[in-house]
Amino acid sequence: MRLSRYFLPVLRENPSEAQIVSHRLMLRAGMIKQAAAGIYSWLPLGFKVLRKLENIVHEEQIRAGHIPMLMPTLQSADLWRESGRYDAYGPEMLRIRDRHDRDMLYGPTNEELITDIFRTHVGSYKDLPLTLYHIQWKFRDEIRPRFGVMRGREFLMKDGYNFDLTKEDALHAYNRHLVSYLRTYERMGLQAIPMRADSGPIGGDDTHEFLVLAETGESEVFYDSAVTDIRLGEREIDYDDVAQCRAVMEEFTALYARTDETHDAALFAKIPEARRRSARGIEVGQIFYFGTKYSEPMGATVQGPDGAQVPVHMGSHGIGVSRLVGAIIEASHDEKGIIWPEGVTPYHCGIVNLKQGEDAADAACERLYGALVAAGLEPLYDDRDERAGGKFATMDLIGLPWRITVGPRGLKNGVVELTSRRTGQSEELPPEAAVARLVEIYAGQPDPAGV
RNA sequence: CGGGGCGUGGCGCAGUCUGGUAGCGCACCUGUUUUGGGAACAGGGGGUCGGAGGUUCGAAUCCUCUCGCCCCGACCA
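Residues numbered from 1 in each chain as written. Chains lettered and ligands numbered in written order. Predicted model: local features only at pLDDT ≥ 70, side-chain atom pairs only at ≥ 80, totals over all residues. Heavy atoms only, no water.

**Q** Explain the protein's contact with RNA strand B here, please?
**A** Looking at RNA strand B, there are 38 residues lining it, with Arg12, Arg144, Gly152, Glu283 and Asp396 nearest. Among all atoms of RNA strand B positioned within 4 Å of the protein, those belonging to sugar or phosphate total 50%. Taking Glu142, its side chain carries an N or O atom lying 2.9 Å from a sugar or linking oxygen of RNA strand B. The contact in question runs from a base nitrogen of RNA strand B to an N or O atom on the side chain of Glu417, over 3.3 Å. Mapped onto the surface near RNA strand B, the elements with two or more residues apiece are strand S1 (32-36), helix H12 (388-398), strand S21 (402-406) and helix H13 (408-412). With 7 residues, H12 is the single largest residue contributor to the surface near RNA strand B. (Near = heavy atom within 4 Å. Polar contact = N/O pair within 3.5 Å; in protein donor to acceptor, adjacent residues only side chain to side chain. Helix = DSSP H or I, 4+ residues; strand = E, 2+ residues; numbered from the N terminus.)

This is how it looks when you write it as structure tokens:
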């Protein structure tokens, strides 16, 4: 993309409404514009990151054997009356009436809808196990939205639902989700720690929240510092391997890590003092096993091998996709702006032409641009007739992890400059070598393909 | 919802107390000179002051109502 043809309305000054860094930077980098309290338009740069996260989630869910679909944002109140949650959910649920005076709602979650789909079409144990998920906009009418997309009213969320014949099968689904979530967050350059959590309005027995440590997090968390040393890394996962998934789950949840809701001071005190940590965290996902809580009242049963109708065991799992954009920025920025992890960056690198309009510099940039595109990378070329300082400041603000600087001085020696946004380290090298380096860097960060 | 605050050009703000018909910085447009970390000078475009009603010869400024947004709290992915 050439910046002169793009739409990137960056702000030089901080909008007064933004209090926390991710909100400020998203506004300044031209990623979002507020449409109403807690509701945002996603401008091109923000949309690109959002789509990338969405696609990573899709890839990892499909890898785990889960099946993508799409349910509507608006739902009928009838299903919610059936599950008993129409009254239980409270004013957070946005209720709407249509022209025929029917009670509707903008879905805050989808257990009812999915259960209805399931009971209509699934009747046999032979159809199990089944895990369906979708990525869709949700609405929760927060009393007080704040922190930009981190705590908006409208938010994009992946939510999935597993249906299993037995509790053991459902617990494997739980573990499978835990592992797939770990992979998902690691690909996004985040460390999200699974913590024993409270089940809240969803209800259920087993539940873990995934928290990204950040000073601006809304939850207080307590953990054994050793948990932050555990990584999934490159290990091979077989999602059908019950023992392996359980082993990974146990590895990641054995050490003490809890939010304030479930914090147990006595247990916490047993951790060696040097490893006891309390901090703040941003919740970016949660998984539940809730047994037959919905299947029973809503009649989601299958016929077992013995001919008996049995309610299915279910779980649900969510990832706050739009919130993750903010969470990543909270975890990765400096005073100049955002620093995107390679796995989620909207463009792989920036090209800064220091002498726009000069034939040699223009031609070198065009060649470089072409070579990067040919190599399968997406560069953002700042071809505006701006001064160097302005171009650098924009690049720093929007946070592309790599920048290639092209100027007459370097070109005289046949080199360009490759700079890491994270470290600030620069290296002078021939253009072809810079392209080769970037190809190498991104070889370990394949672009997500989407559904 | 309780408490506090704010709505003046795209962004940040002054002007409101003490009514006289809108101003500054950034951004934007034109020109000249500049050009390796947010240039300088000159010229220029854009707002009727969140909305409605009222008081007044006259309202961004005063009064009433209303809408929106932000902060603290309870609530929450």
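Here the narrative resumes, following the displayed structure.
**Q** Teacher, can you tell me more about the packing of helix H1 (residues 21-28) against helix H10 (residues 321-331) here?
**A** For any two helices packed against each other, one specifies the inter-axial angle together with the distance between the axes. Put simply, H1 and H10 touch, their axes get as near as 8 Å, and they point 105° apart. Comparing the axis directions of H1 and H10 gives the class roughly perpendicular. Residues Val21, Ser22, Leu25 and Met26 of H1 form the contact with H10, whose participating residues are Val325, Gly326, Ile329 and Glu330. Looking at the contact of H1 with H10 residue by residue, the class counts come to 5 nonpolar, 2 polar and 1 charged. (Axes fitted to C-alpha atoms, helices over the stretch in contact; angles between N-to-C directions. Parallel < 35°, antiparallel > 145°, perpendicular 65-115°, else oblique. Contact = heavy atoms within 4.5 Å. Nonpolar A, V, L, I, M, F, W, Y, C, P; charged D, E, K, R; others polar.)

**Q** Just to check I follow, could you spell out unusual backbone geometry for this structure?
**A** As a rule of thumb, non-glycine residues mostly have phi less than zero, and peptide bonds are mostly trans rather than cis. Pro129 follows Leu128 through a cis peptide bond whose omega is -5°. Look at Asp101: it is not a glycine, yet its phi comes out positive at around 70°. Summarising the element assignment, Asp101 is placed in the loop between strand S5 (94-97) and strand S6 (103-106). By relative accessible area, which is 55% here, Asp101 ends up exposed. Within the chain, Phe147 stands out as a residue other than glycine whose phi angle is a positive 60°. Mapped onto the elements of the fold, Phe147 is located in the loop between strand S7 (130-139) and strand S8 (154-164). (Buried < 20%, exposed > 50% of the residue type's maximum accessible area, 1.4 Å probe, protein only.)

**Q** Got a minute to help me understand the domain arrangement of chain A in this structure?
**A** The figure often quoted for interface size is the accessible area lost as the parts come together. Considered domain by domain, chain A is made up of domain 1 (31-331) and domain 2 (341-443). Computed over C-alpha atoms only, the centres of domain 1 and domain 2 are separated by 39 Å. On the domain 2 side, the residues contacting the 10 residues of domain 1 number 9 residues. Together domain 1 and domain 2 conceal approximately 800 Å² of surface at their shared face, both sides included; 67% is due to carbon and sulfur atoms. When the buried surface of domain 1 facing domain 2 is broken down by residue, Leu45, Lys48 and Lys52 rank first, second and third, together holding 62% of it. At the boundary of domain 1 with domain 2, the tally comes to 1 salt bridge. (Domains from an automatic or database assignment. Buried area = accessible area lost by both parts, 1.4 Å probe. Salt bridge = Lys/Arg side-chain N within 4 Å of Asp/Glu carboxyl O.)

**Q** Looking at this structure, how should I read the pattern of salt bridges?
**A** Inspection of every chain in the model, using the stated rule, returns 27 salt bridges. For Glu60, the salt bridge goes to Arg183, with nearest N and O atoms at 2.9 Å. Residue Glu60 is found in helix H2 (residues 44-63), and its partner Arg183 is found in helix H6 (residues 167-187); the two are separated by 123 residues along the sequence. Owing to a relative accessible area of 23%, Arg183 belongs among the partly exposed residues under this scheme.

**Q** Would you explain the pairing of S1 in this entry?
**A** As a general feature of sheets, a regular strand has side chains that alternate between the two faces. Relative to strand S2 (residues 39-42), S1 runs antiparallel, the two sharing 4 bridges. Residue Gln34 lies in a different strand from S2, and its bridge partner there is Tyr40. If you look at the hairpin formed by S1 and S2, you'll find 2 residues sitting between the two strands, and Gly38 has a positive phi there, around 75°. (Pairing = 2+ DSSP bridges.)

**Q** Any chance you could explain the sheet that holds strand S4 (residues 74-76) here in plain terms?
**A** Strands in a sheet are paired, the pairing made by backbone hydrogen bonds, and the direction either parallel or antiparallel. Strands sit in the order S4-S6-S5 across an open sheet of 3 strands; the sheet is antiparallel. Lying at the two open borders of the sheet, with one neighbouring strand each, are S4 and S5. Ignoring strand direction, the axes of neighbouring strands in this sheet form an average angle of 35°. Pairing of S4 with S6 involves 3 bridges; the strand directions are antiparallel. If you follow Ser76 over to S6, its bridge partner there is Met104.

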